[in-house]
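# Structural overview
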Amino acid sequence: MGLLFAFFGVARVFGGFLRSSYWAILFFSIGFFVLYNYLKSSKFKMDFIGVLFVIYLFVNVLITRPPSVFQPELRFLLFSFLLFIVSPIIQNKNLRVFRLRSLDLMMIIFVIISSISFFCYFLGINWMLNQTTNDDLYDDYSVSEGAGHFGGITNHSMTLGFISGIAVCYMLCRFLTYKRKLSLVPLICCMGSLLFASSRVALGATIIGCLVFIIRNSRSRLGFLKTIILFVVGFIITLPLWVGALSGIVAKQSGRGDLSEMGGRIGQVEARIEEFADHPIIGIGFASVDPQKSHVGESGNIEPGPSWLTVLSMTGIIGMIIVVIYVYNSFSSLKELGKNLPQKALLSALLVFMIVHLFVEGYIFSGGSLQCSILWLIIGVSRDSKYLQDNI
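Below: a short report on this structure.

Calculation rules
Residues numbered from 1 in each chain as written. Predicted model: local features only at pLDDT ≥ 70, side-chain atom pairs only at ≥ 80, totals over all residues. Heavy atoms only, no water. Helix = DSSP H or I, 4+ residues; strand = E, 2+ residues; numbered from the N terminus. Buried < 20%, exposed > 50% of the residue type's maximum accessible area, 1.4 Å probe, protein only. Axes fitted to C-alpha atoms, helices over the stretch in contact; angles between N-to-C directions. Parallel < 35°, antiparallel > 145°, perpendicular 65-115°, else oblique. Contact = heavy atoms within 4.5 Å. Nonpolar A, V, L, I, M, F, W, Y, C, P; charged D, E, K, R; others polar. Disulfide = S-S within 2.5 Å. Core = buried A, V, L, I, M, F, W, Y, C linked by side-chain atoms within 4.5 Å. Left-handed = near helix turned anticlockwise from the far one by under 90°. Salt bridge = Lys/Arg side-chain N within 4 Å of Asp/Glu carboxyl O. Phe/Tyr/Trp six-rings, centres within 6.5 Å; stacked < 30°, edge-to-face > 60°. Lys NZ or Arg CZ within 6 Å of the ring centre and 35° of its normal.

Further remarks concern the side chain of Glu275. Residue position: Glu275 is located in helix 12 (residues 259–278). Since its relative accessible area comes to 1%, Glu275 is described here as buried.

In this section: the packing of helix 13 (residues 307–332) against helix 14 (residues 341–357). Where helix 13 contacts helix 14, the axes come no closer than 13 Å and their chain directions differ by 170°. Our classification of the angle between helix 13 and helix 14 gives roughly antiparallel. Contact with helix 13, carried on its side by Trp308, Val327, Ser330 and Phe331, involves Ser348, Leu351, Val352 and Ile355 of helix 14 and no other residues of that element. Class assignment of the residues belonging to the contact of helix 13 with helix 14 gives a composition of six nonpolar, two polar and no charged.

This paragraph deals with the state of the cysteines. Applying the stated rule across the entire model yields zero disulfides. The cysteine Cys190 is free of any disulfide, with Cys189 supplying the nearest cysteine sulfur at 6.8 Å.

What follows is about the nonpolar core. In terms of nonpolar packing, the biggest core is built from 88 residues, with Phe53, Phe110, Ile374 and Trp376 touching the most fellow members. Among the elements that take part in this core, helix 6 (residues 157–178) stands out by supplying 12 residues, more than any other. Discounting chain neighbours no more than four positions away, the residues touching Phe53 are Phe79, Leu83, Ile322, Val323, Tyr326, Phe365 and Trp376. By size, the runner-up hydrophobic cluster in this structure holds six residues, among which are Leu160, Cys189, Phe196 and Ala197.

The interhelical angle for the contact between helix 13 and helix 15 (residues 370–384), taken along N-to-C directions, is 45°, at an axis separation of 7 Å. In terms of orientation, helix 13 lies oblique with respect to helix 15. When you trace helix 13 past helix 15, the crossing you get is left-handed. Across from Tyr326, Val327, Asn329, Ser330 and Ser332 in helix 13, the residues of helix 15 making contact are Trp376, Ile379, Ser382 and Arg383. Within the contact of helix 13 with helix 15, the residues separate by chemical class into four nonpolar, four polar and one charged.

Our focus in this paragraph is the pattern of salt bridges. One pass over the full model with this rule turns up four salt bridges. Between Asp384 and Arg99 there is a salt bridge, and its shortest N-O distance comes to 2.7 Å. Linking Asp384 in helix 15 with Arg99 in helix 5 (residues 93–123), this pair joins segments that are 285 residues apart in sequence. By relative accessible area, which is 0% here, Asp384 ends up buried. Its salt-bridge partner being Glu275, residue Arg272 comes within 2.8 Å of it at the nearest N-O pair. Placement of the pair is Arg272 and Glu275 together in helix 12, with a separation of three residues, close to one helical turn. By the burial criterion, Arg272 is buried, and Glu275 matches it.

Once that is clear, we can look at the packing of aromatic side chains. Inspection of the entire model under this criterion finds 21 aromatic pairs. Centre to centre, the rings of Phe53 and Tyr326 are 6.0 Å apart; their planes meet at 85°, and the pair counts as edge-to-face. Here Phe53, found in helix 3 (residues 48–64), pairs with Tyr326, found in helix 13; they are 273 residues apart in sequence, far enough to count as distant. Taking the relative accessible area as the measure of exposure, Phe53 reaches 0% and is therefore buried. Three or more aromatic residues joined by ring pairs make a cluster, and in this case those are Phe53, Phe79, Phe286, Tyr326, Phe365 and Trp376. The side chain of Arg180 reaches across the aromatic face of Tyr178, ending 5.1 Å from its centre.

The backbone of Gln71 shows a phi angle near 50°, a positive value even though the residue is not glycine. Tracing the backbone through its elements, the reader meets Gln71 in the loop between helix 3 and helix 4 (72–86). A relative accessible area of 32% places Gln71 in the partly exposed class. Of note in this structure, Lys179 is not a glycine but carries a positive phi near 55°. Following the sequence through the fold, Lys179 ends up in the loop between helix 6 and helix 7 (184–197). According to the relative accessible area criterion, Lys179 is exposed, its value standing at 63%.

Below, the structure written as structure tokens:
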């Protein structure tokens, strides 16, 4: 069941017919089946902060009354249902095991996607080119070859960067834990795909996440220094191989990339700050923005910008406090490193990766997206870690 859940959760990152909403429907249908059967089979308890979060979002929608174009009620139901499946709201032995297995399977799928995309780069296969979408928000969106325009077998370079970054953290954990040289092959492939995607935020989040893993997985300062030196020397020796892969990121950084993308991001940040300033306590409304400040598609789809600002603008200070407590509780469950050291070190790295990534991308409330599912699944498994004995 975990395999089906993981597969349908990842399916929409591919191009063509696989982007159909039917995959999302299957994803949530399997989630409902799991939730119903697991809760029926054993006792469970509710996490207070999680329940408070869902109740607050419900009240937020009732009070703010977002325009119907945003479909706030439907988006609230989808997001809440996702939280009940993958986040730590429900504490139940079977659900904890299901979340752990689902995350492990998704990590493996990410490694496969990233590794295949690495070879696609050299074969000239890029599913991001000439992608079409049913969302009028992207009517003017066109994809051409250049910096940040390689998506491999995924529908977008940002998606490939996200997947590859998580895959690198996962494979680094596997390599340093089991000391298998064969693990270096997918690790290098995933690193290559990460660089080919030219996603600066994914690259930065990956570097920080890997450092967190090495720090938390090291039992001594000497072990930490040895690991760092090993990777620095390895990077220097293989640097000529990575120069070409870094060209996209260099082009973006020097301003030769998509200048309109940078202007759009700045506009999103300014819009979210203004919305928060106008509605600081409870926000402008869940899953909504001010149509005067941001472009809104006919179906209500939006590009909100940085997730942390999105939380502030949509749910206000109250929502931000609840989300911060939620994330902090997951971190606090990883403090004790006596048992399952590699697993807890990996979860710490993944949490840090997501926190950094959220400073740029705005999927924190997007219940139907892969990124949102992974975010809350990592939060859930991290919170569950104090109960679980199995290693990822």
